[in-house]
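Single-letter residue listing:
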Amino acid sequence: MARVGLPSWVPWRRWGWMAVSFGFHRGLSTLLAPKAERAPRWLPACRQKTSISFLSRPDLPNLAYKRLKGKSPGIIFIPGYMSNMNGTKALAIEEFCKSLGHAYIRFDYSGVGNSDGNLEECTVGKWRKDVLSIIDDLAEGPQILVGSSLGGWLMLHAAIARPQKVVALIGVATAVDSLVTQFNQLPVENSKRKNYIFLYSG
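If you look the protein up in an unreviewed UniProt entry, it shows as Palmitoyl-protein thioesterase ABHD10, mitochondrial from Monodon monoceros. Per its UniProt entry, the protein bears the Sequence similarities (unreviewed entry) comment "Belongs to the AB hydrolase superfamily." What UniProt records for the protein under Subcellular location (unreviewed entry) is the sentence "Mitochondrion".

With that settled, consider unusual backbone geometry. Excluding glycine, residues mostly have negative phi values, and the peptide bonds linking residues are mostly trans. Cis peptide bonds are those with omega within 30 degrees of zero, and the linkage from Ser72 to Pro73 qualifies with 0°. Here Pro73 lies in strand 4 (residues 71-78). Unlike most non-glycine residues, Met82 shows phi in positive territory, near 65°. When you line up the elements, Met82 lands in the loop between strand 4 and helix 3 (88-100). Although it is not a glycine, Ser149 sits at a positive phi angle of roughly 55°. Within the secondary structure layout, Ser149 lies in the loop between strand 6 (143-148) and helix 5 (150-161).

On to the nonpolar core. Counting 27 residues, the largest nonpolar core has Ile76, Ile78 and Leu145 as the members making the most contacts within it. The set of elements that each furnish at least two residues to this core consists of strand 3 (60-68), strand 4, strand 5 (102-107), helix 4 (124-137), helix 5 and strand 7 (166-172). With residues up to four places along the chain from it excluded, the contact list for Ile78 reads Phe107, Tyr109, Val131, Leu145, Val146, Gly147, Ser148, Gly151, Leu154 and Met155. Leu68, Tyr104, Val167 and Ile170 belong to the second largest nonpolar core, which has 12 residues in total.

A separate point is the pairing of strand 6. Where burial is concerned, most of strand 6 is hidden: six out of the six residues are buried. Side chains Gln143, Leu145 and Gly147 project from strand 6 onto one buried face, and the interleaved Ile144, Val146 and Ser148 project onto a second face that is buried too. Here strand 4 pairs with strand 6 via five bridges, running parallel. Counterpart to Phe77 in the pairing with strand 6 is Val146. Pairing analysis gives six bridges linking strand 6 to strand 7, with the strands arranged parallel. The partner of Ser148 across the bridge, within strand 7, is Val172. Handedness of the strand 6-helix 5-strand 7 crossover: right-handed.

Parameters and conventions
- Residues numbered from 1 in each chain as written.
- Predicted model: local features only at pLDDT ≥ 70, side-chain atom pairs only at ≥ 80, totals over all residues.
- Heavy atoms only, no water.
- UniProt positions renumbered as here; feature names shortened; annotations may be inferred.
- Helix = DSSP H or I, 4+ residues; strand = E, 2+ residues; numbered from the N terminus.
- Core = buried A, V, L, I, M, F, W, Y, C linked by side-chain atoms within 4.5 Å.
- Buried < 20%, exposed > 50% of the residue type's maximum accessible area, 1.4 Å probe, protein only.
- Contact = heavy atoms within 4.5 Å.
- Pairing = 2+ DSSP bridges.
- Right-handed = clockwise from strand over helix to strand, strands pointing away.

Here you go:
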(Lines give C-alpha, C1' and ligand atoms only; values in the text may rest on other atoms or scores of the structure.)
Protein backbone atom coordinates (compact mmCIF):
# COMPACT_ATOMS: atom_id res chain seq x y z
CA MET A 1 0.00 0.00 0.00
CA ALA A 2 1.31 3.45 -0.86
CA ARG A 3 2.26 5.75 1.98
CA VAL A 4 -0.25 8.43 1.14
CA GLY A 5 0.80 12.02 1.77
CA LEU A 6 3.80 11.10 3.92
CA PRO A 7 7.44 11.98 3.14
CA SER A 8 9.50 8.85 2.55
CA TRP A 9 11.80 9.59 5.50
CA VAL A 10 9.03 9.48 8.11
CA PRO A 11 8.87 5.94 9.64
CA TRP A 12 5.09 5.94 9.97
CA ARG A 13 4.93 2.22 10.63
CA ARG A 14 6.96 2.77 13.80
CA TRP A 15 4.77 5.45 15.27
CA GLY A 16 2.80 2.89 17.22
CA TRP A 17 5.97 1.61 18.86
CA MET A 18 6.69 5.04 20.33
CA ALA A 19 3.16 5.67 21.54
CA VAL A 20 2.13 5.29 25.16
CA SER A 21 -1.60 4.62 25.40
CA PHE A 22 -3.72 5.70 28.33
CA GLY A 23 -6.78 3.70 29.38
CA PHE A 24 -8.59 1.24 27.16
CA HIS A 25 -7.64 2.82 23.83
CA ARG A 26 -6.39 1.17 20.71
CA GLY A 27 -2.75 1.53 19.81
CA LEU A 28 -1.65 4.43 17.68
CA SER A 29 -0.97 2.23 14.70
CA THR A 30 -4.58 1.07 14.74
CA LEU A 31 -5.86 4.61 15.20
CA LEU A 32 -3.86 6.12 12.37
CA ALA A 33 -2.93 3.21 10.12
CA PRO A 34 -3.70 4.09 6.48
CA LYS A 35 -6.71 2.11 5.29
CA ALA A 36 -8.46 2.42 1.98
CA GLU A 37 -11.82 3.29 3.48
CA ARG A 38 -10.38 5.80 5.95
CA ALA A 39 -7.49 7.37 4.07
CA PRO A 40 -8.57 8.54 0.61
CA ARG A 41 -5.95 9.85 -1.78
CA TRP A 42 -6.47 13.55 -1.20
CA LEU A 43 -6.34 15.61 -4.37
CA PRO A 44 -4.58 18.98 -3.99
CA ALA A 45 -7.88 20.80 -4.54
CA CYS A 46 -9.51 18.78 -1.76
CA ARG A 47 -6.88 19.27 0.92
CA GLN A 48 -7.87 21.12 4.05
CA LYS A 49 -6.19 24.48 4.51
CA THR A 50 -4.86 25.95 7.72
CA SER A 51 -4.62 29.65 8.51
CA ILE A 52 -2.85 31.34 11.39
CA SER A 53 -5.09 32.24 14.33
CA PHE A 54 -4.56 33.55 17.85
CA LEU A 55 -5.82 32.15 21.13
CA SER A 56 -6.70 35.06 23.42
CA ARG A 57 -6.04 34.44 27.11
CA PRO A 58 -6.79 36.86 29.97
CA ASP A 59 -3.57 37.97 31.68
CA LEU A 60 -1.47 35.68 29.46
CA PRO A 61 0.16 36.22 26.04
CA ASN A 62 -1.94 35.37 23.00
CA LEU A 63 -0.81 32.17 21.32
CA ALA A 64 -0.42 31.83 17.55
CA TYR A 65 -1.64 28.53 16.17
CA LYS A 66 -2.81 26.74 13.06
CA ARG A 67 -5.58 24.20 13.22
CA LEU A 68 -6.57 21.55 10.73
CA LYS A 69 -10.12 20.26 11.14
CA GLY A 70 -10.66 16.54 10.89
CA LYS A 71 -11.68 13.38 12.65
CA SER A 72 -10.83 12.12 16.09
CA PRO A 73 -8.42 11.53 17.70
CA GLY A 74 -6.77 14.87 17.04
CA ILE A 75 -3.02 15.39 17.06
CA ILE A 76 -1.19 18.25 18.78
CA PHE A 77 2.46 18.95 17.99
CA ILE A 78 4.49 20.36 20.90
CA PRO A 79 7.75 21.86 19.58
CA GLY A 80 11.18 21.88 21.13
CA TYR A 81 13.06 24.77 22.73
CA MET A 82 13.09 27.85 20.47
CA SER A 83 11.32 25.91 17.71
CA ASN A 84 8.11 27.17 16.18
CA MET A 85 5.08 25.75 14.44
CA ASN A 86 6.67 26.10 10.99
CA GLY A 87 9.45 23.59 11.64
CA THR A 88 10.07 20.54 9.46
CA LYS A 89 8.51 18.05 11.89
CA ALA A 90 5.43 20.18 12.50
CA LEU A 91 4.76 20.51 8.77
CA ALA A 92 5.48 16.86 8.02
CA ILE A 93 3.00 15.71 10.68
CA GLU A 94 0.42 18.11 9.27
CA GLU A 95 0.76 16.50 5.84
CA PHE A 96 0.38 13.09 7.45
CA CYS A 97 -2.79 14.18 9.24
CA LYS A 98 -4.16 15.66 6.02
CA SER A 99 -3.65 12.36 4.23
CA LEU A 100 -5.70 10.55 6.88
CA GLY A 101 -8.23 13.27 7.56
CA HIS A 102 -7.33 13.72 11.24
CA ALA A 103 -7.58 16.96 13.19
CA TYR A 104 -4.26 18.65 13.92
CA ILE A 105 -2.99 21.65 15.87
CA ARG A 106 0.46 23.25 15.82
CA PHE A 107 1.33 26.36 17.77
CA ASP A 108 4.03 28.74 18.98
CA TYR A 109 4.94 29.07 22.65
CA SER A 110 4.55 32.51 24.21
CA GLY A 111 7.56 34.64 23.30
CA VAL A 112 8.35 32.46 20.28
CA GLY A 113 7.41 32.78 16.62
CA ASN A 114 4.17 34.66 16.04
CA SER A 115 2.89 34.42 19.61
CA ASP A 116 2.83 37.40 21.93
CA GLY A 117 5.18 37.69 24.89
CA ASN A 118 8.80 38.40 25.70
CA LEU A 119 11.13 35.41 25.47
CA GLU A 120 13.29 36.72 28.32
CA GLU A 121 10.27 36.52 30.62
CA CYS A 122 9.27 33.01 29.56
CA THR A 123 9.81 29.89 31.64
CA VAL A 124 9.22 26.19 31.18
CA GLY A 125 6.34 26.51 33.65
CA LYS A 126 4.73 29.19 31.48
CA TRP A 127 5.17 27.07 28.37
CA ARG A 128 3.47 24.21 30.22
CA LYS A 129 0.50 26.55 30.69
CA ASP A 130 0.61 27.26 26.95
CA VAL A 131 0.27 23.55 26.17
CA LEU A 132 -2.61 23.17 28.62
CA SER A 133 -4.34 26.21 27.09
CA ILE A 134 -4.17 24.58 23.65
CA ILE A 135 -5.60 21.33 25.03
CA ASP A 136 -8.32 23.03 27.08
CA ASP A 137 -9.42 25.81 24.74
CA LEU A 138 -8.77 24.52 21.22
CA ALA A 139 -8.63 20.74 21.11
CA GLU A 140 -11.88 18.83 20.69
CA GLY A 141 -12.19 15.27 21.93
CA PRO A 142 -9.34 12.84 22.60
CA GLN A 143 -5.85 13.93 21.57
CA ILE A 144 -2.53 12.36 20.64
CA LEU A 145 0.38 14.53 21.79
CA VAL A 146 3.58 14.58 19.75
CA GLY A 147 6.41 16.20 21.70
CA SER A 148 9.82 17.02 20.24
CA SER A 149 12.85 17.54 22.51
CA LEU A 150 11.75 19.92 25.29
CA GLY A 151 8.22 19.50 23.93
CA GLY A 152 8.44 15.85 24.94
CA TRP A 153 8.91 16.86 28.56
CA LEU A 154 6.00 19.29 28.37
CA MET A 155 3.97 16.54 26.69
CA LEU A 156 4.43 14.30 29.73
CA HIS A 157 3.39 17.08 32.10
CA ALA A 158 0.30 17.76 29.98
CA ALA A 159 -0.65 14.08 29.93
CA ILE A 160 -0.49 13.95 33.73
CA ALA A 161 -2.54 17.14 34.04
CA ARG A 162 -5.18 16.17 31.44
CA PRO A 163 -5.49 12.36 31.48
CA GLN A 164 -9.12 12.55 30.35
CA LYS A 165 -8.14 14.13 27.02
CA VAL A 166 -4.77 12.52 26.21
CA VAL A 167 -5.07 9.05 24.67
CA ALA A 168 -1.49 8.54 23.44
CA LEU A 169 1.98 10.08 23.41
CA ILE A 170 4.70 10.16 20.77
CA GLY A 171 8.14 11.36 21.84
CA VAL A 172 10.60 12.62 19.23
CA ALA A 173 14.07 12.86 20.83
CA THR A 174 12.23 13.56 24.07
CA ALA A 175 14.30 15.63 26.51
CA VAL A 176 12.77 14.30 29.72
CA ASP A 177 13.80 16.59 32.57
CA SER A 178 17.04 17.40 30.75
CA LEU A 179 16.95 21.10 31.65
CA VAL A 180 16.82 20.37 35.35
CA THR A 181 19.61 17.82 35.00
CA GLN A 182 21.80 20.34 33.19
CA PHE A 183 20.88 23.06 35.67
CA ASN A 184 21.89 20.90 38.63
CA GLN A 185 25.28 20.29 37.03
CA LEU A 186 26.07 24.01 36.77
CA PRO A 187 28.44 25.69 39.23
CA VAL A 188 26.53 27.54 41.95
CA GLU A 189 27.65 30.96 40.72
CA ASN A 190 26.33 30.22 37.21
CA SER A 191 23.04 28.70 38.33
CA LYS A 192 22.12 31.96 40.06
CA ARG A 193 22.40 34.03 36.90
CA LYS A 194 19.15 35.37 35.49
CA ASN A 195 19.67 33.88 32.03
CA TYR A 196 19.65 30.40 33.57
CA ILE A 197 16.99 30.94 36.19
CA PHE A 198 14.30 32.12 33.78
CA LEU A 199 14.19 28.68 32.17
CA TYR A 200 13.13 26.81 35.27
CA SER A 201 10.83 29.00 37.36
CA GLY A 202 7.10 28.36 37.10
